[in-house]
Amino acid sequence: MLNLIWSGFFAVTFIYALYQTLFLDNIGIWNLLVTSSFEAAKGAFEICLNLTGILCLWLGLLKIAEASGLTSLLAKFLNPLFRKIMPDVPSNSPAIGSMVMNIAANMLGLDNAATPMGLKAMEQLQELNPSSKTASRAQQLFMVINSSAVTIIPITILMYRSELGATNPAAVFIPILLATSVSTLVGFLSIATVQRLNIFNWVVLSYVGLAVGFVIIISLWFSGLSPEARLTYASAIGNFILFSFMILFVASGMIKKLNVYDKFIEGAKEGFFVAVKIIPYLVAMLVAIAVLRTGGLLDAMIQCFEKFFKLLNMDTDFVAALPTAIMKPLSGSGARAMMIETMQTHGADSFSGFVSSVVQGSTETTFYVLSLYFGAVGITKVGAALPCALLADLAGIVSAIYFSYIFY
């Protein structure tokens, strides 16, 4: 699947560039394509370089958590659920604890912590995988959940809205929470259907009910705060939990009388090698995305969407936010740039600026995430993970637009 999509990006870009050259006299498009390819390759390396320190930090801390038994303790809490949805993963597998911490970090908008934890989980799941190139059922399910994870505290989006002068930066909090919840639910149900999982039992329904209840409680609490307090609490709570994790990991190692420094170094070395390993995969995908964007296909798609919705006599106020929606599954930095550009052009308090912010928080960067996580363990055949994740993206984007009309 990734092979076809990756090569397809280059093929359609080449055809569209030829069209621009022959019929629009845009000879300079070839210079732009080559330049963007080189810049994207350089950018992919820089991302991995910047990620190296973060990976070393968190994989070092996770090594302490594993040795102290902390991850096993976390895993026990969710063992009943994982036995139902991931029957191939042993109940004592450390992968469960790593997946739990990854999902928790994603929910809090702590990308820097979530990525190393997720990569560790993928490596642990790969140890259980009988195939070296094909994603296991557990890996596919984990990736769909990861790529559509519920975001409870969208810290970075609130910060950007504040910096760009939004009157109420946190106004997008509730619609983002609802839209990303829909995305996660659709992603989970789709992969569960493909894998024919029995999810309609009291165990799974109990955990889902707890998750839904938690989302409702957080929504009600945040909606009762003032706009200024929402922004302050969102940042403070996220960073407090992040630092508390760090202290908890070290403290658990000290209690078990481990040499926490040596354990940290051992895990940090793993982080370095993981960062090196994912460079080729990120270069491949980010270059393909860059040429697709530079070639002008994304702009052409947006114009087609606008004409289509006008023919249906639909309100097209949200169309200005579609660049963020189209870019989001492809590139996180690209989608963020589109969101900022929309708010700068139309205003942070405009409807299109509001929609682009909600869309930005409603889904994950699917192609980036799949390339990063599967690339780290050498998986090339991702199975149902990609189509189910893209379906979750679509659900998240559509619901983001819908909830924006309700809450704006």
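The structure this text deals with has already been given above.
Overview of the structure. (Residues numbered from 1 in each chain as written. Predicted model: local features only at pLDDT ≥ 70, side-chain atom pairs only at ≥ 80, totals over all residues. Heavy atoms only, no water.)

**Some thoughts on the side chain of serine 350**
Positionally, serine 350 belongs in the loop between helix H15 (332-346) and helix H16 (351-362). Within the structure, the side chain of serine 350 is placed 2.6 Å from the backbone oxygen of glycine 347, a separation counted as a polar contact. Only 3.4 Å separates the side chain of serine 350 from the side chain of serine 352, close enough to count as a polar contact. (Helix = DSSP H or I, 4+ residues; strand = E, 2+ residues; numbered from the N terminus. Polar contact = N/O pair within 3.5 Å; in protein donor to acceptor, adjacent residues only side chain to side chain.)

**Description of the packing of helix H6 (residues 137-147) against helix H17 (residues 366-376)**
The contact between H6 and H17 brings their axes to 10 Å, and the two run at 140°. Classified by the interaxial angle, the pair formed by H6 and H17 is oblique. Crossing hand, H6 versus H17: right-handed. For the pair H6 and H17, contact is made by Gln139, Phe142, Met143, Asn146 and Ser147 and by Thr366, Val369, Leu370, Tyr373 and Phe374, respectively. For the contact of H6 with H17, the class distribution of residues is six nonpolar, four polar and no charged. (Axes fitted to C-alpha atoms, helices over the stretch in contact; angles between N-to-C directions. Parallel < 35°, antiparallel > 145°, perpendicular 65-115°, else oblique. Left-handed = near helix turned anticlockwise from the far one by under 90°. Contact = heavy atoms within 4.5 Å. Nonpolar A, V, L, I, M, F, W, Y, C, P; charged D, E, K, R; others polar.)

**Structural notes on the pattern of salt bridges**
Counted under the stated rule, the structure contains four salt bridges. A salt bridge links glutamate 270 to lysine 63; its shortest N-O distance comes to 3.0 Å. Placement of glutamate 270 in helix H11 (residues 260-277) and of lysine 63 in helix H2 (residues 29-68) is noted, with a sequence separation of 207 residues between them. The shortest N-O distance in the salt bridge between aspartate 88 and arginine 137 comes to 4.0 Å. Placement of the pair is aspartate 88 in the loop between helix H3 (70-85) and helix H4 (94-107) and arginine 137 in helix H6, with a sequence separation of 49 residues. Overall, aspartate 88 belongs to the exposed group, its relative accessible area being 54%. By relative accessible area, arginine 137 is classed as partly exposed at 36%. Here the salt bridges do not stand alone but share partners, grouping Lys63, Lys120 and Glu270 into one network. (Salt bridge = Lys/Arg side-chain N within 4 Å of Asp/Glu carboxyl O. Buried < 20%, exposed > 50% of the residue type's maximum accessible area, 1.4 Å probe, protein only.)

**Remarks on H16**
Since the α-helix turns once every 3.6 residues, residues separated by three or four places project in the same direction. Across its twelve residues, H16 extends 16 Å between first and last C-alpha, which sits within 8% of the 16 Å expected from 1.5 Å per residue. In terms of residue burial, H16 counts as a mostly covered element, since twelve of its twelve residues are buried. Residues of H16 that are buried include every one of Phe351, Ser352, Gly353, Phe354, Val355, Ser356, Ser357, Val358, Val359, Gln360, Gly361 and Ser362, and no others. (Expected span 1.5 Å × (residues − 1).)

From the geometry alone we can't say anything about function, so treat these as descriptive.
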